[in-house]
Amino acid sequence: NHTVAYDTEGQEYDNHNFNSGQFNIFRMWNYTYWPIGRANSYLANHDQLVELHGDNWTNLDRFKGECLFQRAYWTFFGINAFGEIPLVLDEFPEGSPKPNSTYQELYDQVIADCNEIINNNLLPNWQVFDGTANEGRATVGAAKTLLGKVYLTRATSPVGQPGDFAQAATTLKNVIDTEGY
């Protein structure tokens, strides 16, 4: 409840008046795309890194999984915060504005990224990590949980698919049964 005269932007939020000129909305938009851009940068160079350094750098596939997770997570965040947003899959997007993608395109990409992680064992189970040095790292359980949330959210969206609720239940039950939580 922002009542101080200098906090006009806070008063606008309280009244549910949002616009792209508000600093926090601008910052939220940028915070959505910065990790996506960084993830895309790694993903664009992953195969070359494996070719050049695969014998010495043993975590390259895990890094790929973490980047796919970040791209999926922040795209899903963007959908929930802004609706139909541009789907950015290139390493360094050109400076001109990108058109918004459809909900279907956005959900399909998030699901594809999560499935790539899960189906190719790109992330470990959380129990593999020792101590606090790896706290906050993405795990296969996190990818499965995100995938389940995506199915639940898509089920109630205009592009919901038959079976989304069942797919969410199956995916989330798998997390409970196999990930040690």
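Worth saying up front: this structure is predicted, and the values here are computed from it rather than measured.

Along its length, the chain carries 6 helices and 0 strands. N-terminal to C-terminal, the α/β element order of the chain is α-α-α-α-α-α. Looking at the chain as a whole, 38% of its 181 residues qualify as buried. Split by element, the accessible area of the chain, about 10,700 Å² in all, is 52% carbon and sulfur.

Positive phi outside glycine occurs at asparagine 121, with the angle close to 50 degrees. Assignment of secondary structure puts asparagine 121 in the loop between helix H4 (103-119) and helix H5 (140-155). Asparagine 121 gets classed as exposed once you look at its relative accessible area, which sits at 65%.

The terminal C-alpha atoms of H5 lie 23 Å apart, and with 16 residues this matches the ideal 22 Å at 1.5 Å per residue to within 8%. Of the surrounding elements, those touching the buried residues of H5 are helix H3 (60-82), H4 and helix H6 (164-178).

What follows deals with the packing of aromatic side chains. This model, assessed by the stated rule, comprises 8 aromatic pairs. Relative to phenylalanine 82, the ring of tryptophan 29 has its centre 4.9 Å away and its plane inclined at 75 degrees; by these criteria the two rings are edge-to-face. Of this pair, tryptophan 29 sits in helix H2 (residues 23-53) while phenylalanine 82 sits in helix H3; the two residues are 53 residues apart in sequence, bridging distant segments of the chain. With relative accessibility at 30%, the residue tryptophan 29 sits in the partly exposed group. Connected via pairs of aromatic rings, a cluster forms that spans Phe69, Tyr73, Trp74 and Phe77.

How two helices sit against one another is set out by the angle between their axes and by the gap between those axes. Contact geometry of H4 with H5 gives a least axis separation of 9 Å together with a crossing angle of 155 degrees. One finds that H4 runs roughly antiparallel with respect to H5. Note that H4 runs across H5; the crossing there is left-handed. For the pair H4 and H5, contact is made by Gln104, Tyr107, Asp108, Val110, Ile111, Cys114, Asn115, Ile117 and Ile118 and by Val140, Ala143, Lys144, Leu146, Leu147, Val150, Tyr151, Thr153 and Arg154, respectively. Here the residues of the contact of H4 with H5 sort into 12 nonpolar, 3 polar and 3 charged.

Turning to the confidence of the model for the chain, a few remarks are in order. Close inspection of predicted coordinates is inappropriate in any region flagged by low pLDDT. Taken as a whole, the chain shows an average pLDDT of 88; of its residues, 90% reach a score of 70 or greater. Per-element confidence in the chain ranges from a low mean pLDDT of 68 for helix H1 (residues 8-14) to a high of 98 for H4.

Moving on, we come to the pattern of salt bridges. This structure, assessed with the given rule, holds 9 salt bridges. Among the charged side chains, a salt-bridge network with shared partners connects Arg62, Glu66 and Arg137.

What counts, and where the lines are drawn
- Residues numbered from 1 in each chain as written.
- Predicted model: local features only at pLDDT ≥ 70, side-chain atom pairs only at ≥ 80, totals over all residues.
- Heavy atoms only, no water.
- Helix = DSSP H or I, 4+ residues; strand = E, 2+ residues; numbered from the N terminus.
- Buried < 20%, exposed > 50% of the residue type's maximum accessible area, 1.4 Å probe, protein only.
- Areas by Shrake-Rupley, 256 points an atom, 1.4 Å probe, with all protein chains shown as cover.
- Expected span 1.5 Å × (residues − 1).
- Contact = heavy atoms within 4.5 Å.
- Phe/Tyr/Trp six-rings, centres within 6.5 Å; stacked < 30°, edge-to-face > 60°.
- Axes fitted to C-alpha atoms, helices over the stretch in contact; angles between N-to-C directions.
- Parallel < 35°, antiparallel > 145°, perpendicular 65-115°, else oblique.
- Left-handed = near helix turned anticlockwise from the far one by under 90°.
- Nonpolar A, V, L, I, M, F, W, Y, C, P; charged D, E, K, R; others polar.
- pLDDT = per-residue confidence, 0-100.
- Salt bridge = Lys/Arg side-chain N within 4 Å of Asp/Glu carboxyl O.

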